[in-house]
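What the coordinates show
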Amino acid sequence: MYRGRLAPTPTGRLHLGHARTFWLAQARARAAGADAQLVMRIEDIDAARCKPEYTAAALEDLHWLGLRWDEGPDVGGPYAPYEQSKRREIYLDVWRQLRDGGFIYPCARSRADVQRAAQAPHSEEEDAEPLYPVEWRPAVGTGKDAESPGAVAANWRFRVPDGEAIKFNDALQGPQTFVAGKDFGDFLVWRRDDVPAYELAVTADDHAMEITEVVRGADLLRSTARQILIYRALGWTPPAWCHTPLLLDENGKRLAKRNDALSLGKMREQGTEAGKLIAGWQ
Ligand code: GLU
C-alpha cells in the first residue's frame, strides 16, 4: 500500500514552490490507488527557527489549496505526535544504533571550521555542503562510549564510504549517482546544540511512518544519497524517490521563504483562486 507524506518546515509561510511539490505528492498518492495514504508531518526539529504560528499557517494554506491527508495534525491541532519536536526518543534510538554500529563519530570542529577548510567548489544547491576534510576524521571507534549525543560537546557526523557511488532511481529525474567523499562528505546526524540533524530525523521518520514514496523538491537530491547510507547502516529498505523540479522566480533564482511575493498567504490575501494555481500543475 502506498504511503506518502507532506513534510513542511514551519520557518516561514509556504510559497508556490512548496505548494506545487505538496500538490504533486497528493496527486501521486491518489494515482496509486484508493487505499493510498498521505501523512502530514511537521518538521519543526529546529526550535530556534520554527514557530507554531507558521505550523498553523502551513496547515491552513494547504487546506485552502485543497490538500487533505489521512494522518497527522489538521487545522486547529492538536499536532503531536507528528511534530518532529515531539519525537526525540525515536531519533535518539536511531542515534544509538548508528553509534553502536560505528557509523558515526563526534567532532568538535564547527560547521564554520569545515567551511573554511573545504576547497571543494561551493554549489548553489541547498543540500550541497562543503566537504568535511577526511584528515579530521577521528579513529574508528571514537564516540562508542558516549551515552548520549549531548554528552560530548561536538557535532556527530556519519562516516561516508569514500569513493563509493550511491545510485538511485528517481521517478521524475531518472537515474541519479552521487559519489561519497566527492559530491558529499561526512554529514551531520546530530548537532552540537543537541538537536538531531535533518538527515537523521527525516530518515527515522520516513521509516517509522512506513512511507513507501518520498515526494519532495529537487533541492534534496543529494540528501537522498546521504539518507540511503543511513538506511543501509540500519538495515532498512529505503522508500521510492520522486523529486519535483524547483520553481524559479523571474530572475531564475529559487523561490525562498524570505521572498514574500509568492507566499501562499499573500496570494490568498490578494484573492488568488486555489483552483487557478492548481490548474497549471495538472
Ligand atoms: N521539510 C523539508 C522542507 O520543507 C522537506 C524535507 C523532506 O521532504 O524530506 O523543505
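Everything quoted here is computed from the prediction, not taken from an experiment. (Residues numbered from 1 in each chain as written. Predicted model: local features only at pLDDT ≥ 70, side-chain atom pairs only at ≥ 80, totals over all residues. Heavy atoms only, no water.)

Inspection of every chain in the model, using the stated rule, returns 9 aromatic pairs. Measuring from ring centre to ring centre gives 5.1 Å for Phe 158 and Phe 187, while their planes differ by 10°; the resulting arrangement is stacked. Separated by 29 residues along the polypeptide, Phe 158 in strand β4 (residues 155–158) and Phe 187 in strand β7 (residues 187–190) bring together distant segments of the chain. For the residue pair Phe 158 and Phe 187, the accessibility class agrees, reading buried in each case. On the numbers, 6.3 Å between centres and 20° between planes, the contact of Phe 168 with Phe 178 is stacked. Of the two residues, Phe 168 is situated in strand β5 (residues 165–170) and Phe 178 in strand β6 (residues 174–179); the sequence distance between them amounts to 10 residues. A relative accessible area of 9% means that Phe 178 is categorised as buried. Three or more aromatic residues joined by ring pairs make a cluster, and in this case those are Phe 168, Phe 178, Tyr 231, Trp 236 and Trp 241. (Phe/Tyr/Trp six-rings, centres within 6.5 Å; stacked < 30°, edge-to-face > 60°. Helix = DSSP H or I, 4+ residues; strand = E, 2+ residues; numbered from the N terminus. Buried < 20%, exposed > 50% of the residue type's maximum accessible area, 1.4 Å probe, protein only.)

Moving on: the side chain of Arg 216. Counting through the fold element by element, Arg 216 comes out in strand β8 (residues 213–217). Buried charge without a salt bridge: Arg 216, with Asp 206 as the nearest opposite-charge side chain at an N-O distance of 4.7 Å. Separated by 3.0 Å, the side chains of Arg 216 and Gln 227 make a polar contact. Of note is the side chain of Arg 216, whose polar atom sits 3.3 Å from the side chain of His 243. Setting aside its immediate chain neighbours within four residues, Arg 216 contacts Arg 5, Thr 21, Tyr 198, Val 202, Thr 224, Gln 227, Trp 241, Cys 242, His 243 and Thr 244. (Lys, Arg positive; Asp, Glu negative; His and termini not counted. Salt bridge = Lys/Arg side-chain N within 4 Å of Asp/Glu carboxyl O. Polar contact = N/O pair within 3.5 Å; in protein donor to acceptor, adjacent residues only side chain to side chain. Contact = heavy atoms within 4.5 Å.)

Take the site of the ligand next. Arg 5, Ala 7, Thr 9, Glu 43, Tyr 198, Val 202, Arg 216 and Leu 220 make up every residue found near the ligand. The contact in question runs from a nitrogen atom of the ligand to an N or O atom on the side chain of Thr 9, over 2.6 Å. Between a nitrogen atom of the ligand and a side-chain N or O atom of Glu 43, the distance comes to 2.6 Å. In isolation the ligand has 300 Å² of accessible area, and contact with the protein removes 85% of it. Here the shell around the ligand is composed, by residue class, of 4 nonpolar, 1 polar and 3 charged. (Near = heavy atom within 4 Å. Areas by Shrake-Rupley, 256 points an atom, 1.4 Å probe, with all protein chains shown as cover. Nonpolar A, V, L, I, M, F, W, Y, C, P; charged D, E, K, R; others polar.)

Our next topic: the domain arrangement of the chain. Examined at the domain level, the chain breaks down into domain 1 (1–84 + 248–282) and domain 2 (87–206). In this structure, domain 1 and domain 2 have C-alpha centres spaced 27 Å apart. Between domain 1 and domain 2, the contact holds 10 residues from the first and 13 residues from the second. Summed over both partners, the interface of domain 1 with domain 2 buries about 970 Å², with 44% contributed by carbon and sulfur atoms. Contact with domain 2 buries surface across domain 1, with Arg 41, Ile 45 and Gln 84 losing the most and accounting together for 45% of the total. On the surface where domain 1 and domain 2 come into contact, there are 4 salt bridges. (Domains from an automatic or database assignment. Buried area = accessible area lost by both parts, 1.4 Å probe.)

This part takes up unusual backbone geometry. Phi angles above zero are rare outside glycine, and Asp 194 is one such case at about 70°. Note that Asp 194 resides in the loop between β7 and α5 (198–208). Residue Glu 210 is not a glycine yet carries a positive backbone phi of 55°.

This brings us to empty space enclosed by the protein. Per the counting criterion, the structure on display carries 1 cavity of 30 Å³ or more. Roughly 40 Å³ of internal volume is contained in the largest cavity. In terms of lining residues, the largest cavity is bounded by Arg 99, Gly 102, Ile 104, Tyr 105, Gly 141, Thr 142, Lys 144 and Arg 159. Grouping the constituent residues of the lining of the largest cavity by class yields 2 nonpolar, 3 polar and 3 charged. (1 Å grid on protein atoms, 1.4 Å probe; cavity = no way out; pocket = protein on both sides within 12 Å on 5 of 7 lines; lining within 4 Å. Points joined across faces, edges and corners; volume = space filled by probe spheres on them.)

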